[in-house]
Every structure is written in structure tokens, then in C-alpha cells.
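# Examining the three-dimensional arrangement
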Amino acid sequence: MTHSRFFFSGSIIRQNLRQHGWIGVLYALVLLFIVPLQMFMNGDPLAEPTKLNRLFNLGIDISPVLIAFPIGAGLFLSRYLQSKKSSDLWHVLPFRRPQLLASHTVSGLILLLLPVWITAAVTAVVRSLEGNMYIYSGSAVWEWCLTVSLLTLFLYVFTIFVGICTGQTILQGVLVCILLVLPAALLQFINLHLNRYLYGFPDWFGLQGILTYWAPFMRIMDLSFKPFTVMEMWIYGCLSALFMALSFVLYRIRHSEKAGQALAFTYFNPLFKAGVMLCSMLLASLYFGSAGGNNGLTIASALAGGLIGYIAVEMILRKTWQIMNRRLPLEFAVYSVLLGLLLYIPVSGLTGYEDRVPAKDNVAAVYAGGNYREITENMQGSTTREERVEELLSSDPQYIKAVTALHRAVVALRPDQQPELRYNYYNGSRQFILAYKLSNGRTLMRSYWIPAAGFEPELKAVMENMEFKEKKYLLSRLNEDVESFRLSNLERVISISDPQEVQEFREILKQELLDMSYEDQTGDQRGRATIKLAIKQNSNIYQVYYTYDWFPSYEKMTAWLEQKGYADKIKVTAADVVSAEIFRDEHQSAIPAGLIYNPGTRLELARSEKRSAVVSDPAQISNILEHRRNFTGQEGRYVVKIEYKSGTVHFISLNEQDVGPALKALLP
């Protein structure tokens, strides 16, 4: 037998088509069922045809099929590399290795791409047939065909590439699935690691949006929502070419004796071990670190995770569970130290990240507040909107000075960042995002939970600045074309839609927001009604709503609403109340830690200790409603459970001076 002179071998392709042709037939049948056949099955036959802009929007999701068939075909077509008998047989035949790989690759592409193109052709042909329940253009068919062909090509070629690097079919399939989501998972792990252990590191805004683009599996799942861009098509096309080229290069130096081994190239072993150990260490430290933030537990969990990962890798590489030898402890120690340093150094003080505060002279613009993400993040969960970022930044020198002073104070004192003290307002903590646009064009962003206690002067300087209020309360929205204001309180609703009144109310609301003091913003005053601002709808966007509160400190607004007769229509009165039960919030140490913030548990404790009383006098209920404040959970305050006729139940707090002698006399 002589060597073939051609790059492809027709005999190998014919053999593969005979042996694995069922893959192509099944793929074609499934695609024909998912796309053209659905055109005649969906919907009421008497209904008008539905217009489709994209064929990926058909009812059946193509993603599982698009993932399963190319990877499955890649596993079957590269099986001759992983089985020792097949490997020995194929490699003694008079074919050069490039011929073997090219022939098997072409065989797979014929099996996979031909069904795609047949499906696209049938879909285009049936477009004008009677009974087709959908209207779609030829460009939609072309887009579908191009996208599916490209993704099929990429997944198949990537599976072949992984098959060249491994010697076991099962491991090849597992690695393909892991590697196609690994970039996104690592990004998420690293973001969580830095956010948890690096003081001031903010959540990576927009990460959720870009994760999809880093994980082909997730991107394919989103095909029906996000069409492939031209850039993405080029990227996947280039990656396919790169993996194909690497496959040919590596296949030339791959030893056929590696069939059956985990990895075909031993110099990949350290990378494989380190990668698995790093992921397992990150997972373990993040999981157990969330339990309590104990440093000892975190280190122990990271070591345990690394050990589990190391043992798993050793067993996979050696194909046995008997892996213990003299070298193993030393090697594990070396890996652990190196990976531990890799995890520790970025979150240590060595980088200076935690103490870095820009000098005010180096700051061109700044933002401080807690609603950065809500304003700048795309509503579709995609990336940050740059125009909103620019809108939030302020270049006022006094504001920059106040924000940098607050930042320096936080960095110097480092208020407790324990997880149990975050995400609640009972201790007065508030999240602040500090975003700087530096004079050199770079950006710097930090995130802190800052308690009110100990930071009053710095917080007051920031929160009473007009720039802070402009951004926090979105005053620019009040300058838009406002259609109406809707005030609601329980079941009471009024609407202010008269243009003159809308204009007056808007100016009053704007002034009240600008006049708010630090105490007004950080106090526990409870809104008397919710104000919903409706922006007029135009032809391009949906109607937009923004929400504010009618606070007791808004004296001008209160006077205006009373003058117009709206106040009485929206205020709740004693007649709306079914019951009111008051108690003094004490003995919190008797409440289990997990229920400490539950007001109902505190009421049950007061009842059990006979410290509560039911208020029935309408005058006293009116007094409670007039002075009610938000429930803050502070020990020693008076708490009232109010049940309204609408069925709504509120727990509110009262200050000591607002509880008259008659009300105190009710308490045992």
C-alpha cells in the first residue's frame, strides 16, 4: 500500500460517512423539525401569519441541539485517537497524520454542516408556501444559516482540539464542557474573591452582561435574545481557525501510545493541576468564607479545597486511587504555596489598593452615592451605559474635596465590613460607591458600607452638597417633560395632571429635595405618600416613571397639598386603622440571632412578658399616625403594630417625646 498523494483521503471520508452517518441524518431531522416543520404547526390555522425577524425566535429552543450534536460528533470522530486498538490500527496505515486529521475533520463537517444547509434551504423554499404560519425574510434565513454553521464549526473543531490534547473520550467530553464555561466562571470567582477580601473593591458593574460573551455555552443559550454581531462572528471564525491549526501542530508530535492516558502531553500536567486546584480553592474559600468571614476558616477551607482538587487531578492523571507516594506531599505543598500567594497577594496590602485615595487636585470629576448601579446599568442586564456615567459625575471642587475627605476617613478608620453588618439599615450603614474620573483620564472606583456613627462630619459635607442631591434624587428627571404626578398611600390614590399644578408641584418637589438636611436624609422619617412621576411618552421610548416620597419635613409641599385639598384625600386616618398595638422594644438579647430584625418576634416577646397594649382611642391612634417613623430596631424605642382595613400591616417606631402620658399609661 502506498501513501496517498492528496491532503484528504476519500476512503477515510467514505468510511466515516458509513460508520457515523446516523449523526448527520439525526441532526438533519432534528433541525428540520425545529425550524421548517414548526412553520406549519404553530398557531391557529385561521390566524394571521406571525412576522418573524429572526428564526431563532421560533418556539423550540435550538441551543441544546446546537451544543449536543457538534460536540457528540467531535467525540465520535476523534474516538480513533483515544482507543488504543484503533489508534494503533489507524497509525500503521499509509496515511500521513495531517491526512488522517483532515479526513476525519472533513467527515465531521460534512455530517454537521450539510444538515444545516439543507435545513436553511428548505426553510427558504417553504417561505412562500400556503399554510406557512410565519412571515420572514430571506436575510433571516441567511442569518440563521450563517450563525448555526459558524457555531457548529467552532464547537466541532474545539472538541477535536481537546481530543488531540487528551487520551480519553470521557475526559475529552468533560473538558470540552468545562472549558466552554470556564472563562466566565473564573471571572465570576475572581470578582467574588476580590469583592470579599479586598477592602473597597466594588462589584464589577456590567459583569453579568459580559459573562455571556466569555462562555460560549451561555452565549448560545442567549441566541434567541441576542443576535450574533459581526464582531462575534469574526471572533468565532478566527478561534475555529486557530484551534484547527493548533490541532494539526499538536497532532504531529502526539505519541500514539498516549491513547488511554488522561493528557496526551505531559507538559500540560502542571497547568491542569494548577487550574483544577485554583478553581477548587476559590470555590471552597468563597463558600466557607461566606459563613462568617473567619480568616482561619477561610485559609483552612482554601487548603481543603486545594487538597480535594489535587487528589482528584492525581487520580485522573494516574487512573487509580492509589496515588500516595513520597513525592505527593511535597508537590502539594509547592502548589498550595504558589496558588495561595496567587490568591493572597491581590487582596493583601502589598498592592496599596485599599489605602489608595486620589488627591483632590488629581480628580477631574467624582460621584458618591448608592444608586450608581441602578442608574448606569443597562435595563437588559448588559453593560454599563457610558452616557449615564458622565451624567452622574460632578466636577464641583467643593464636592470633590468633600468626597475625598470622606474616602480618606473611611480608609483610615475602616468601619467594620463584616457581612452580618452589611445590607441592613438598622445600624445606620449605607453603601457608598465612590467613582473618580482622574485628571489623567483613568477611573478609580471603590465601594464601602459606611455607618453614620463616627463619620457624621464627612457624611454631612457630602450629603448636604447640592451635587450629591442632584445625583441621588435624579433631579434632572424633574426637568423632563412631566405628564403627571401620582400620589398613593395604601389604597388612596390621587393624580395631579393639570399642567399648571404639575408645574407648581414639580418646582416644590425639586426645592424640597434640594433643601433636605443631613438629618432629613439619614433620619427615620416615614413617607406620608409615594409620589410617582410620569414622563410623557414619545415615539421612541416607553413611558418612564420615577418615585419619590412625601416626607413630613416637606413643609412647603404639605402646605401646597393642604391648600389644594389633596392632603386630606391621601392621608390615612384613625378610621382606616383596624388595630394598633404598642410596646417598648426591650430585651433584644433574648431574641435568637436569626430573628433579631423581625419585628413580629419582638412583639411576641413583649406579649409573652406582658409589655404590650392595644390602643383603641381614635385620638391616640391619630397621634401615632401623625408621629410615626420607620421601624429601626433600636432598643428602647416604642414600636406600634398597625393593621389597616385594607389588610396591610405596618410596624412603625415612635420617639420618646412623641409618646404622650396617656399612651404610656396604657402600657403595663
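Residues numbered from 1 in each chain as written. Predicted model: local features only at pLDDT ≥ 70, side-chain atom pairs only at ≥ 80, totals over all residues. Heavy atoms only, no water.

### Quick word on the nonpolar core
Counting residues in each nonpolar core, the largest one holds 72 residues, and the members touching the most others are Tyr27, Leu55, Ile71, Tyr136, Trp144, Val148 and Leu180. With 17 residues, the top contributor of residues to this core is helix α6 (residues 138-165). With 39 residues, the next largest nonpolar core counts Tyr372, Ile496, Ile535 and Tyr546 among its residues. (Core = buried A, V, L, I, M, F, W, Y, C linked by side-chain atoms within 4.5 Å. Buried < 20%, exposed > 50% of the residue type's maximum accessible area, 1.4 Å probe, protein only. Helix = DSSP H or I, 4+ residues; strand = E, 2+ residues; numbered from the N terminus.)

### So, the pattern of salt bridges
Scanning all chains against the criterion turns up 24 salt bridges. The partner of Glu467 in a salt bridge is Lys471, and the shortest N-O contact between them spans 3.4 Å. Taken together, the positions of Glu467 and Lys471, both in helix α19 (residues 466-472) and four residues apart, correspond to about one turn of that helix. A relative accessible area of 22% means that Glu467 is categorised as partly exposed. Here Arg629 and Asp524 are joined by a salt bridge, their closest N and O atoms 2.7 Å apart. (Salt bridge = Lys/Arg side-chain N within 4 Å of Asp/Glu carboxyl O.)

### Section: the packing of helix α21 (residues 499-515) against helix α23 (residues 555-564)
Relative to each other, α21 and α23 sit at 155°, their axes nearing to 8 Å. When the axes of α21 and α23 are compared, the pair comes out roughly antiparallel. In contact with Glu501, Glu504, Phe505, Ile508, Leu509, Gln511, Glu512 and Asp515 of α21, α23 contributes Glu555, Lys556, Met557, Trp560, Leu561 and Lys564. Residues that form the contact of α21 with α23 fall into these classes: six nonpolar, one polar and seven charged. (Axes fitted to C-alpha atoms, helices over the stretch in contact; angles between N-to-C directions. Parallel < 35°, antiparallel > 145°, perpendicular 65-115°, else oblique. Contact = heavy atoms within 4.5 Å. Nonpolar A, V, L, I, M, F, W, Y, C, P; charged D, E, K, R; others polar.)

### Here we look at the pairing of strand β14 (residues 649-654)
Of the pairings in the sheet, the one linking strand β12 (residues 629-630) to β14 comprises two bridges and is antiparallel in character. Paired with Arg629 across the bridge in β14 is Ser653. Sheet analysis places strand β13 (residues 638-644) next to β14, joined by six bridges and oriented antiparallel. When the sheet's bridge partners are listed, Ile642 is paired in β14 with His650. Counting the residues that bridge the hairpin from β13 to β14 gives four residues, and of these Gly647 lies at a positive phi of roughly 95°. (Pairing = 2+ DSSP bridges.)

Geometric values such as these leave the question of function open.
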